[in-house]
Amino acid sequence: MKLLHTADWHLGKRLYGTDRLAEARTALAEIAEIAVDEAPDAIIVAGDLLDRRPVDEEPLGVCLDALAALAEVAPILAVTGNHDDEAFWGHLGPWMANRGITLGHELASARDAVHTITTAAGPLHAALVPWPAPGELEQPAGVDSGGARRRFSEWVTEQVTNIGRELARRRAEGGASVLVGHLMIAGARTGGGERELSLGPASALAGEDLPAADYTALGHIHLPQPVPGATAEAYYSGSPIALDFSESADTKGVLIAEISDGATEVRQVAVRSGRPLIRLRGSLDGLEARAAEHPGALFACEVESDGAEQDLARRVRDLVPDAIRVEPAVSALVTAEAADETTTDSDLAELYAEWYAREGRPLSDAQRDAFALARQAAS
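Below is a short write-up of the structure. (Residues numbered from 1 in each chain as written. Predicted model: local features only at pLDDT ≥ 70, side-chain atom pairs only at ≥ 80, totals over all residues. Heavy atoms only, no water.)

### Some details on the layout of surface pockets
Turning to step 1, where the next piece is worked out: In this model, the largest pocket occupies a volume close to 230 Å³.
Turning to step 2, where the next piece is worked out: Looking at the lining of the largest pocket residue by residue, the classes come out as 6 nonpolar, 4 polar and 5 charged. (1 Å grid on protein atoms, 1.4 Å probe; cavity = no way out; pocket = protein on both sides within 12 Å on 5 of 7 lines; lining within 4 Å. Points joined across faces, edges and corners; volume = space filled by probe spheres on them. Nonpolar A, V, L, I, M, F, W, Y, C, P; charged D, E, K, R; others polar.)

### Side note on the sheet that holds strand β7 (residues 114–119)
In a beta sheet, neighbouring strands pair by backbone hydrogen bonds and run either parallel or antiparallel.
Turning to step 1, where the next piece is worked out: Across the sheet, 6 strands lie side by side as β7-β8-β9-β12-β14-β13; this open sheet has mixed pairing. On the outer flanks of this sheet lie β7 and β13 (225–226), each paired with one strand and no other.
Turning to step 2, where the next piece is worked out: Strand direction decides the pairing type here: strand β8 (residues 122–129) and strand β9 (residues 176–182), joined by 6 bridges, are parallel. Paired with H125 across the strands is S177, a residue of β9. (Pairing = 2+ DSSP bridges. Helix = DSSP H or I, 4+ residues; strand = E, 2+ residues; numbered from the N terminus.)

### Concerning the pattern of salt bridges
Opposite charge on two side chains permits pairing when their charged atoms draw close.
Turning to step 1, where the next piece is worked out: Per the counting criterion, the structure on display carries 20 salt bridges.
Turning to step 2, where the next piece is worked out: For R20, the salt bridge identified is with E23, shortest N-O distance 2.8 Å. Each of the two residues, R20 as well as E23, counts as buried.
Turning to step 3, where the next piece is worked out: When salt bridges with common partners are traced through the structure, they connect K2, E38, E258 and R267 into a single cluster. (Salt bridge = Lys/Arg side-chain N within 4 Å of Asp/Glu carboxyl O. Buried < 20%, exposed > 50% of the residue type's maximum accessible area, 1.4 Å probe, protein only.)

### Thoughts on empty space enclosed by the protein
Turning to step 1, where the next piece is worked out: Counted according to the given criterion, the structure contains 4 cavities of 30 Å³ or more.
Turning to step 2, where the next piece is worked out: Size it by volume and the largest cavity reaches roughly 60 Å³.
Turning to step 3, where the next piece is worked out: Lining the largest cavity we find W9, H10, L11, G12, K13, R14, L15, R20, A24, I241 and L243.
Turning to step 4, where the next piece is worked out: For the lining of the largest cavity, the residue count by class is 6 nonpolar, 2 polar and 3 charged.
Turning to step 5, where the next piece is worked out: Within this model, the second largest cavity holds a volume of roughly 50 Å³.

### Observations concerning the pairing of β7
One face of the sheet, then the other: side chains in a regular strand alternate in exactly this way.
Turning to step 1, where the next piece is worked out: Pairing of β7 with β8 involves 6 bridges; the strand directions are antiparallel. Considered in β8, the bridge of T116 is made with H125.
Turning to step 2, where the next piece is worked out: Linking β7 to β8, which pair antiparallel, is a turn of 2 residues.

### Points about unusual backbone geometry
Backbone phi values are negative for most residues with the exception of glycine, while trans is the configuration of most peptide bonds.
Turning to step 1, where the next piece is worked out: The residue H10 is not glycine, and still its phi comes out positive at about 50°.
Turning to step 2, where the next piece is worked out: Structurally, the position occupied by H10 is in the loop between β1 (2–6) and β2 (14–15).
Turning to step 3, where the next piece is worked out: Residue H10 is classed as buried on the basis of its relative accessible area of 3%.
Turning to step 4, where the next piece is worked out: One non-glycine residue with positive phi stands out, namely D48, at about 55°.

In short, the description is geometric, and any link to function would need to be established separately.
Here it is in structure tokens:
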């Protein structure tokens with residue numbers, strides 16, 4: 001059985017104000033072409049179809065067109081991610097079901113989370129695990145933030161384990177098995193585009209806690225990679241285009257998982273429609289020539305200068321029209337020795353006390369001592 005795995009489309013996402021929907025539309029058309037060429041038995045879309053929970057009409061249209069095109073090739077298994085409005089996608093369930101798209105939009109009981117679909121290669125049992133929102137678990141009164149995070153992580157692990165047991169039971173009846181999830185796995189290598197509030201221990205599972213399946217297809221992390229700690233074949237497909245400048249060195253694409261005789265082989269097929277995201281650093285004189293080495297790219301430019309540059313953004317974009325971010329580069333840093341010459345521990349302590357006084361709260365001896373210890377530890 002052959003599976004095509006994609007995720008993290010983030011349709012509607014802007015990068016420093018730049019609309020990239022046309023670029024994403026082209027990448028999704030390329031994925032549809034790959035699907036036709038590869039002829040998978042099922043297609044997996046592992047969450048974050050849209051970039052914003054408030055649904056914008058145009059990105060939604062692009063998304064539904066892409067899903068419909070892929071569904072003409074093979075049945076689709078999809079889950080919602082942390083950027084998706086699960087209630088909205090739940091209302092779209094009938095539209096999707098009529099087109100051969102099986103969607104998991106809320107964390108369901110083990111029995112309801114596992115779906116068996118018919119493919120050209122036989123039955124495929126799929127555990128669908130959408131993004132588990134912290135609000136799904138009621139916390140006891142008085143629990144601190146650390147305890148709430150641990151309790152939630154344990155609860156998610158328990159839910160996934162129970163779903164895994166049901167998946168194993170179905171798999172024993174014959175056919176292949178896949179877990180489709182939008183999850184944060186501890187130790188995964190992140191970029192800069194993932195939502196920071198979604199990357200903490202509140203949502204993290206250990207790779208070894210993932211249930212055994214012929215293939216585990218995950219979304220949420222934008223860099224394609226195997227899942228750390230997993231005991232079976234488990235991968236993040238990554239996003240089909242680079243969503244942040246931290247992803248500029250990564251090859252974007254989709255993953256193809258081929259399951260045969262209890263073994264799974266995974267390979268990437270590159271998606272080349274996305275524009276390269278390139279960081280440039282140098283003087284104004286050299287920027288234009290360096291940008292010309294990367295045709296079609298979008299640029300983040302850091303301009304080195306000995307003094308303040310007037311109207312820097314305009315001057316850079318006159319040379320590099322596709323510079324979507326322009327910043328002055330710091331040419332020199334104040335050394336620790338120089339800092340010590342101008343600011344002493346005594347000065348800082350006085351400033352700290354003055355700030356408390358302005359707030360109308362006298363600085364207690366205990367607070368003053370704690371501040372001194374913190375300064376000592378930082379030095």
